Amino acid sequence: MIGTVLCYVLLPAARLLRALRDGFFTCQKNVLLAKSPSTQIEGVFAATRGRLVSEEQEALLQQWLEEGAGNFPANESVPAVGKVPVTLTSDWLEASELLMTSLSDLNVSPEVTPCADQQLSELNTLGSSELQDHAVAELARLPAGETVTVADSAPWAGVVPQTDQQIVGCAGINTEVLNDDPAVLAWSLACDTETVPAEQLPAQPIQDAVPFCPVAAEVPYHEILWRDWEDLSVQPCVLEQVSKNTALFEFRVMSYNILAQDLVEQGLDLYVHCHPDILNWNYRLPNLLQEIQHWDPDVLCLQEVQENHYWEQLEPTFKEMGFACFYKRRTGMKTDGCAVCYKHSRFQLISLSPIEYFRPGLDVLNRDNVGLVLLLQPVLPEGLGVKAISPLCVANTHVLFNPRRGDIKLAQVALLLAEIDKIARTAEGSYYPVILCGDLNSVPDSPLYKFIRNGELSYHGMPAWKVSGQEDFSQQLYSRKLLAPLWPSSLGVTDNCQYVTRCQPKKPGRREYSRDFLLQFRFCDIACERPPQLVLLEGVTDAKPDRPAHWPKPPAVVKYPDPQPFIPRCSGVIQHSLNLTSVYSHFLPQRGRPEVTTMPMGLGATVDYIFYSAEPVENRAGRRMYKDGALKLLGRLSLLSEDVLLMANGLPNPFCSSDHLCLLASFGLEISSLRKS
């Protein structure tokens, strides 16, 4: 009886004391991390996390000894530890090398990556003598002549993928301590290469610390979400150009919806699967910046860029990275918008055209979405003329999300294509190469996607929800249908997605006879004359009409020497002539699953795109086929499938700090003629 009482009383008391001790250590750790300057952004970043690991570890061990060393029995002593050599990551890869390397091809030696947060969770279990003995045995296996290497030369380096035999420290999150420890950055900062022999390390002030080794974690996020670089430069059309010794101007383009923080806070119910710490902007901003710098694009198109974050943090950082930036906020009361950045060492700005889709009084254009269209001139190396290469038109937009209003989506895209047509059209009537990026909130093979890719869409009578293909509302009794014309002629955009000023003028001698123009001739002199061939009928055709007294005098006939061009309007069909095709195929043949770029409510979908100019070759079953022209697709960053993202708990997660994946493509632009400057 006494033993039972003691069991039910002492056991909960022991657990309570253990919980209090763990909470105290966690508070102490958070205080230390709060004092660390590694999470502050100064310029790009003032300091790296790697330089503070040893100080935090030392402070945590000291705190543990002061508070917990007295818990050992009197007949036992804390084992003494000498100098324990630990090998930090030594085989870092440059960003470009990591980009072109497959996970399975990496051959790195086993290594230990210590992490202060993970070591703290291990300290909580050191009260067990069995775990202490295991830690001592593991450390005894380490070679005595190891050195400590702190990072590599790349200022921003991707995490080296770990093999099964390697022990992963900071790369992943231990789900057992997720409520205590915020997720760590999976893109790690690297400082200058600095190798210090283990013998020269400062002696630990803690003389009676128990040695420990990090326990092997679960598969880290960067391995689950690993994305291969697909080299497409071996395509026949590209090889043909190489065989002709045709020079190419190579550059990278990234499109990224970075998830505005205001939208996160307004829709927290969409992110209930996320730990609150990874939704914090102070956590997401470093992750986003490191990912962008790691892939090193030459042209960067961003969506959902919050205005105050852009001016206070993003633009200053991008300027230090060598970008020239342009931003357009959404109209109305919205706080986010679109941004286009390009490296001024690779391009020069020719023209900039921001677009507002909101038109007062038009129901089909009553939303606050925006876009940007830039015309850029590539900067060739010294010795090559500026006119030796064609300008490049870059467009970026974020289309309305509402799945039920496909009419608005279609009108917004038509307005964007009209702006691109105006900017990219040459004097001869052809087009400069075009790259269109953005979040179109439409799935592949939807009518909106087919319109962009095939250049034509018959929309009359189509249900509005069907335009984007996001959701199926076919079971509803009433649904909005698209009627022709989709937008009024007063918008100044034809059904060919061209501005009226770009249309061909009407034939000479033709006049546009409107109703108001004809009504002014009802009582003019020529209208009151009796035609000579008219049969005379008494009381019918023998009288001359008199102008009513209340009728106003006829206005003077106004002659229009240059009337407005005639706007042709087809019946429910819209077209464009830009010949655009997608960088991605939207299917992963090796996995047998479709690609996804976002996961709203846990369901994967592709809504982000990079379209580029190509040459049409033929039509197959209503689908236009293309081949590369002056602008060639050289490579792309592979996308992921829905099942892979589910393994990482969806989006956002500790590795990807947005609810969208970034899109990255490498292009080559033909240098038509080379000449000395």
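Quantities reported herein were computed from a predicted structural model and do not represent experimental measurements. (Residues numbered from 1 in each chain as written. Predicted model: local features only at pLDDT ≥ 70, side-chain atom pairs only at ≥ 80, totals over all residues. Heavy atoms only, no water.)

**Quick notes on the overall build of the protein**
Line of reasoning, step 1. Across its full length, the protein holds 15 helices and 21 strands.
Line of reasoning, step 2. Among the 677 residues that make up the protein, the fraction classed as buried is 49%.
Line of reasoning, step 3. Contacts spanning at least 24 positions in sequence make up 77% of the contacts within the protein whose residues lie at least 6 apart.
Line of reasoning, step 4. Counting only carbon and sulfur atoms, one obtains 54% of the accessible surface of the protein, whose full area is about 34500 Å². (Helix = DSSP H or I, 4+ residues; strand = E, 2+ residues; numbered from the N terminus. Buried < 20%, exposed > 50% of the residue type's maximum accessible area, 1.4 Å probe, protein only. Contact = heavy atoms within 4.5 Å. Areas by Shrake-Rupley, 256 points an atom, 1.4 Å probe, with all protein chains shown as cover.)

**Side note on the sheet that holds strand β7 (residues 336-343)**
Line of reasoning, step 1. Here we have seven strands laid out as an open sheet, ordered β3-β20-β21-β4-β5-β7-β6, and mixed in their pairing. The open sheet is flanked by β3 (229-231) and β6 (323-329), the only strands paired with a single partner. With direction set aside, neighbouring strand axes in the sheet form an average angle of 20°.
Line of reasoning, step 2. Contacts from helix α9 (residues 281-295) reach β4 (248-257), β5 (299-306), β20 (631-637) and β21 (663-670), with the element oriented near 165° to β4.
Line of reasoning, step 3. Where helix α10 (residues 307-320) meets the sheet, its contacts fall on β5, β6 and β7, and the angle it forms with β6 comes to roughly 165°. (Pairing = 2+ DSSP bridges. Axes fitted to C-alpha atoms, helices over the stretch in contact; angles between N-to-C directions.)

**Digging into the sheet that holds strand β10 (residues 392-398)**
Line of reasoning, step 1. Ordered in space as β8-β9-β10-β11-β17-β14, the six strands form an open sheet in which the pairing is mixed. Sheet topology places β8 (347-356) and β14 (580-582) at the edges, where each strand pairs with a single neighbour. Along the sheet, successive strands turn relative to each other by an average axial angle of 20°, direction set aside.
Line of reasoning, step 2. Where β14 lies against strand β17 (residues 608-613), three bridges are found, and the strand directions are antiparallel.

**Points about the environment of Ile408**
Line of reasoning, step 1. Mapped onto the elements, Ile408 comes out in helix α11 (residues 406-424).
Line of reasoning, step 2. When its relative accessible area of 0% is taken as the criterion, Ile408 is described as buried.
Line of reasoning, step 3. Ile408 sits 43 residues away from Leu365 along the chain, and the two C-alpha atoms are 6.0 Å apart.
Line of reasoning, step 4. Sequence-distant contacts of Ile408, defined by excluding residues within four places in its chain, comprise Asp363, Val364, Asn366, Arg367 and Leu400.

**What about α9?**
Line of reasoning, step 1. A rise of 1.5 Å per residue sets the reference length of α9, with its 15 residues, at 21 Å; its end C-alpha atoms lie 21 Å apart and thus fit the reference within 8%.
Line of reasoning, step 2. Just beyond α9, the residue with positive phi is Asp296, at close to 55°. (Expected span 1.5 Å × (residues − 1).)

**A short note on the side chain of His309**
Line of reasoning, step 1. Relative to the assigned elements, His309 resides in helix α10.
Line of reasoning, step 2. Note on His309: relative accessible area 10%, which makes it buried.
Line of reasoning, step 3. Setting aside residues no more than four positions away along its own chain, His309 makes contact with Gln261, Trp281 and Leu314.

**Observations regarding the packing of α11 against helix α12 (residues 447-454)**
Line of reasoning, step 1. Viewed as axis vectors pointing N to C, α11 and α12 meet at an angle of 20°, and their least axial separation amounts to 10 Å. The orientation of α11 with respect to α12, classified from their angle, is roughly parallel. Here the hand of the crossing between α11 and α12 comes out right-handed. Residue-level contacts link Lys409, Leu410, Val413 and Leu417 of α11 to Leu448, Phe451 and Ile452 of α12.
Line of reasoning, step 2. Split by residue class, the contact of α11 with α12 holds six nonpolar, no polar and one charged. (Parallel < 35°, antiparallel > 145°, perpendicular 65-115°, else oblique. Left-handed = near helix turned anticlockwise from the far one by under 90°. Nonpolar A, V, L, I, M, F, W, Y, C, P; charged D, E, K, R; others polar.)

**Observations concerning the side chain of Thr598**
Line of reasoning, step 1. As for its position among the elements, Thr598 is in the loop between β16 (593-594) and β17.
Line of reasoning, step 2. For Thr598, a relative accessible area of 7% puts it in the buried group.
Line of reasoning, step 3. Among the polar contacts made by the side chain of Thr598, one reaches the main-chain carbonyl oxygen of Asp659 at a distance of 2.7 Å.
Line of reasoning, step 4. Apart from the residues lying within four places of it in its own chain, the contact partners of Thr598 are Leu603, Gly604, Ala605, Val607, Leu651, Asp659 and His660. (Polar contact = N/O pair within 3.5 Å; in protein donor to acceptor, adjacent residues only side chain to side chain.)

**Some words on the nonpolar core**
A general feature of soluble globular proteins is that nonpolar side chains tend to end up buried together.
Line of reasoning, step 1. One finds Leu225, Phe251, Leu302, Phe318, Ile435 and Phe667 to be the most contacted residues of the largest nonpolar core, which totals 72 residues.
Line of reasoning, step 2. If we skip the residues at most four places from it in the chain, Phe667 touches Phe249, Glu250, Phe251, Val253, Ile435, Val583, Ile610, Tyr612, Leu631, Lys632, Leu633 and Leu634.
Line of reasoning, step 3. Membership of the second largest hydrophobic core comes to 45 residues, among which are Val373, Cys393, Ala411 and Leu416. (Core = buried A, V, L, I, M, F, W, Y, C linked by side-chain atoms within 4.5 Å.)

**Focus: a nonpolar patch on the surface**
Line of reasoning, step 1. On the surface, Tyr8, Val9 and Leu10 cluster together into a nonpolar patch covering about 360 Å² of accessible area.
Line of reasoning, step 2. Here Tyr8 lies in helix α1 (residues 2-35).
Line of reasoning, step 3. Since its relative accessible area comes to 65%, Tyr8 is described here as exposed. (Patch = residues over 30% accessible without salt bridge, like charges linked within 9 Å, V, L, I, M, F, W, Y side chains within 5 Å. Salt bridge = Lys/Arg side-chain N within 4 Å of Asp/Glu carboxyl O.)

**Considering the pattern of salt bridges**
Line of reasoning, step 1. Counting across every chain of the model gives 18 salt bridges.
Line of reasoning, step 2. A salt bridge links Lys328 to Glu356, with the shortest nitrogen-to-oxygen separation between them at 2.6 Å. Here the residue Lys328 occupies a position in strand β6, and Glu356 occupies one in strand β8, the gap between them amounting to 28 residues.
Line of reasoning, step 3. Residue Glu356 is classed as partly exposed on the basis of its relative accessible area, which comes to 35%.
Line of reasoning, step 4. A single network of salt bridges, built from pairs that share partners, joins Asp363, Arg405, Asp407 and Arg480.

**Re the pairing of β6**
Line of reasoning, step 1. In terms of burial, β6 is a largely internal element, five of the seven residues being buried.
Line of reasoning, step 2. Where β6 and β7 come together, seven bridges link them in antiparallel fashion. The residue bridging Tyr327 from the neighbouring strand is Ala339, located in β7.
Line of reasoning, step 3. Connecting β6 to the next strand, β7, in antiparallel fashion are six residues, including Gly332 with a positive phi near 75°.

**Describing the packing of α9 against α10**
Line of reasoning, step 1. The interhelical angle for the contact between α9 and α10, taken along N-to-C directions, is 30°, at an axis separation of 12 Å. The angle between α9 and α10 places the two elements in the roughly parallel class. Crossing of α9 against α10: the hand is right-handed. Here α9 contributes Trp281, Leu285, Leu289 and Ile292 to the contact with α10, which in turn contributes His309, Gln313, Leu314, Thr317 and Phe318.
Line of reasoning, step 2. A class-by-class count of the residues in the contact of α9 with α10 yields six nonpolar, three polar and no charged.

**Comments concerning the layout of surface pockets**
Line of reasoning, step 1. Counted as a void, the second largest pocket has a volume near 1000 Å³.
Line of reasoning, step 2. Taken together, 39 residues form the lining of the second largest pocket, with Leu270, Phe401, Asn441, Pro600 and Asp659 sitting closest to its centre.
Line of reasoning, step 3. Classifying every residue of the lining of the second largest pocket by side-chain character gives 17 nonpolar, 13 polar and nine charged. (1 Å grid on protein atoms, 1.4 Å probe; cavity = no way out; pocket = protein on both sides within 12 Å on 5 of 7 lines; lining within 4 Å. Points joined across faces, edges and corners; volume = space filled by probe spheres on them.)

**Focus: the environment of Gly602**
Line of reasoning, step 1. If you trace the backbone, Gly602 turns up in the loop between β16 and β17.
Line of reasoning, step 2. Taking the C-alpha atoms as reference points, Gly602 and His273, 329 residues apart in sequence, are found 9.0 Å from one another.
Line of reasoning, step 3. When sequence neighbours within four positions are dropped, the list of residues in contact with Gly602 reads Glu642 and Leu646.

**Some points on the confidence of the model for the protein**
Line of reasoning, step 1. Overall, the prediction assigns the protein a mean pLDDT of 74, with 61% of residues at 70 or greater.
Line of reasoning, step 2. Under a pLDDT of 50 for its full length, residues 35-53 has, in the predicted model, 28 contacts with residues more than four places off or in other chains.
Line of reasoning, step 3. Note that residues 142-217 has pLDDT below 50 and, in this model, 205 contacts with residues that lie over four places away or in other chains. (pLDDT = per-residue confidence, 0-100.)

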